[in-house]
Amino acid sequence: MIAVGIGCRRDSPASRICAAVGAALAQAGLAPGQIDALAVPAFKSGEPGIARAAEELGLPVKLVCRSALDAVQPLCATPSAAAREATGLAAVSEAAALAAAGRNARLLLPRIAHSGVTCAVARGEGS
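No experiment lies behind these values; they were computed from the predicted model shown. (Residues numbered from 1 in each chain as written. Predicted model: local features only at pLDDT ≥ 70, side-chain atom pairs only at ≥ 80, totals over all residues. Heavy atoms only, no water.)

For the rest of this paragraph, the subject is empty space enclosed by the protein. Rolled over the atoms, a probe sized like a water molecule indicates the empty space that remains. Enumeration according to the criterion identifies one cavity of 30 Å³ or more in this entry. Put simply, the largest cavity is a space of about 40 Å³. Along the walls of the largest cavity sit V21, L25, P32, I35, L57 and L59, which together make up its complete lining. When its residues are assigned to classes, the lining of the largest cavity shows six nonpolar, no polar and no charged. (1 Å grid on protein atoms, 1.4 Å probe; cavity = no way out; pocket = protein on both sides within 12 Å on 5 of 7 lines; lining within 4 Å. Points joined across faces, edges and corners; volume = space filled by probe spheres on them. Nonpolar A, V, L, I, M, F, W, Y, C, P; charged D, E, K, R; others polar.)

Structure representation (structure tokens):
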């Protein structure tokens, strides 16, 4: 299972999310067809830009609950003071990717920032 974790501000447009995912996949050396899901924190479930980006990319959205995000914080490579201030989490996109990727997840690409959106890519054994 390969998941792309997303972190973004409220009302981020789908075009920026898609651009960030494209940049992350290019840096990770992955093709879009290799990705199983976009992973986002459950508190972002109502974001229309995320839903539109997932539709454009042909990927399901996997919502990650707060306890799962908290559980993988020690595995996150690039903690962010800004993320902690905004969400209470030191890492959002990395945590979402790791939690969604499942057992034995590891980061293939630590958090990158692109067009105001953060992305990270993780591979694991699924849930």
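A few words on the nonpolar core. Within the largest apolar cluster, 25 residues are counted, with the highest numbers of intra-cluster contacts made by V4, I6, I17, V21 and C119. Within the residue set of this core, elements represented by two or more residues are β1 (2-8), α1 (14-28), β2 (37-41), α2 (48-57), β4 (106-114) and β5 (117-123). Counting residues per element, this core draws most heavily on α1, at eight residues. Once residues lying within four places of it in the same chain are set aside, the contact partners of I17 are I6, C8, S12, G49, I50, A53 and V117. (Core = buried A, V, L, I, M, F, W, Y, C linked by side-chain atoms within 4.5 Å. Buried < 20%, exposed > 50% of the residue type's maximum accessible area, 1.4 Å probe, protein only. Helix = DSSP H or I, 4+ residues; strand = E, 2+ residues; numbered from the N terminus. Contact = heavy atoms within 4.5 Å.)

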